[in-house]
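Each chain, letter by letter, is given below.
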Amino acid sequence: MISLRRMLVFALVAACFLAMVPNQARADGSGQKDDPLQVVIKNADYCDLDRDGSEDDIVTTFRITVLSDEVVFKRTQIYCHLILPSGSGFILVIGVKGEYRQLTLTIGWLNVVTESGWYTFSVLSFLIGESNIYYGSSSVAFDPPTGGDPGPPLAEILTVEVMY
């Protein structure tokens, strides 16, 4: 289990890195022709993934699309943040080696709906090449119902779809 302190350090490092990287891509889903990278959250909703009788789980699906053939990269760093209404939250860091044109990930967040109010799911993605770093992000807020004792939190990748 990642401690709150470690999660805050990850978030701070990601924010500092984002502030230092030149604005090479906008990934708000608007799809400008000059944007080489697009990050789009396709779904963020609650359900009962672990079949414990309580809808205390969240499923998120997002897609990273490389829109330009000029973008050359060898790996991707993806930071997924699930922030609870209280401001506490969870971070999942995913590393991907290799190139692709489109990557779709579905993540199951088990036993994380513990508070009433609005939850925020955010994705920050970095494409890392020899001399360039491209980044994009997307975020969505939603309000799942709460109730019961969910048990310990867990995140797992449910599906990965890669298009070359």
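For every chain, the first residue of the written sequence is number 1, and numbering continues from 1 along that sequence. Predicted model: local features are reported for residues with pLDDT of at least 70 only, side-chain atom pairs are reported and counted for 80 or more only, and whole-chain, interface and lining totals are derived from all residues. Side-chain figures throughout are based on the complete set of non-hydrogen atoms in the structure, without hydrogens or water.

### Overview of the overall build of the protein
When helices and strands are counted, the protein shows one helix and eight strands. Helical segments are the DSSP runs of H or I of at least four residues, strand segments are the runs of E of at least two, and each set is numbered from the N terminus. The helix and strand sequence of the protein, counted from the amino end, reads α-β-β-β-β-β-β-β-β. Considering the protein as a whole, with its 164 residues, one finds that 41% of them fall into the buried category. Pairs of residues are marked as contacts when any of their non-hydrogen atoms sit within 4.5 Å. Restricting to contacts in the protein with at least 6 residues of sequence separation, those with at least 24 account for 68%. Exposed residues in this analysis have more than 50% of their type's maximum accessible area, buried residues have under 20%, and partly exposed residues fall in between, with area computed by a 1.4 Å probe over protein chains only.

### Remarks on the packing of aromatic side chains
Side-chain rings of Phe, Tyr and Trp, where Trp is taken by its six-membered ring, are said to pair if the distance between their centres is within 6.5 Å; with planes under 30 degrees apart they count as stacked, over 60 as edge-to-face, and otherwise as tilted. All told, the structure shown has six aromatic pairs when counted by the stated rule. On the numbers, 6.2 Å between centres and 40 degrees between planes, the contact of F126 with Y135 is tilted. Both residues of the pair, F126 and Y135, belong to the buried class. Three or more aromatic residues link up through ring pairs in this structure, and these residues are F62, W109 and F121.

### Thoughts on the pattern of salt bridges
Salt bridge, as applied in this entry: a Lys or Arg side-chain nitrogen positioned within 4 Å of an Asp or Glu carboxyl oxygen. For the structure shown, the criterion picks out two salt bridges. Residue E99 pairs with K74 through a salt bridge whose shortest N-O separation is 3.5 Å. Of this pair, E99 sits in the loop between β4 (89-97) and β5 (102-110) while K74 sits in the loop between β2 (57-66) and β3 (75-83), placing them 25 residues apart in sequence. Residue E99 is classed as partly exposed on the basis of its relative accessible area of 32%. The shortest N-O distance in the salt bridge between R101 and E99 comes to 3.9 Å. The structure contains a network of salt bridges with shared partners spanning K74, E99 and R101.

### What to know about unusual backbone geometry
Despite not being glycine, R51 shows a phi value in the positive range, around 55 degrees. Note on placement: R51 falls in the loop between β1 (37-47) and β2. Of note in the backbone geometry, N111 takes a positive phi value of approximately 60 degrees without being a glycine. Tracing the backbone through its elements, the reader meets N111 in the loop between β5 and β6 (119-128).

### Here's the deal with the sheet that holds β3
Spatial ordering of the open sheet is given by β4-β3-β6-β7, a layout of four strands whose pairing is antiparallel. With partners counted over all chains shown, the strands left at the sheet margins are β4 and β7 (133-142), one partner each. Neighbour-to-neighbour, the strand axes of the sheet open up by a mean angle of 10 degrees, direction not taken into account. As defined by bridge partners, β6 adjoins β7 across 10 bridges and the pair is classed as antiparallel. By the bridge assignment for β7, Y119 is matched with F142. The pairing criterion is simple: DSSP has to find at least two bridges between the two strands. To get an axis, fit a line to the C-alpha atoms, keeping to the stretch in contact for a helix; angles then go from 0 to 180 degrees between the N-to-C directions.

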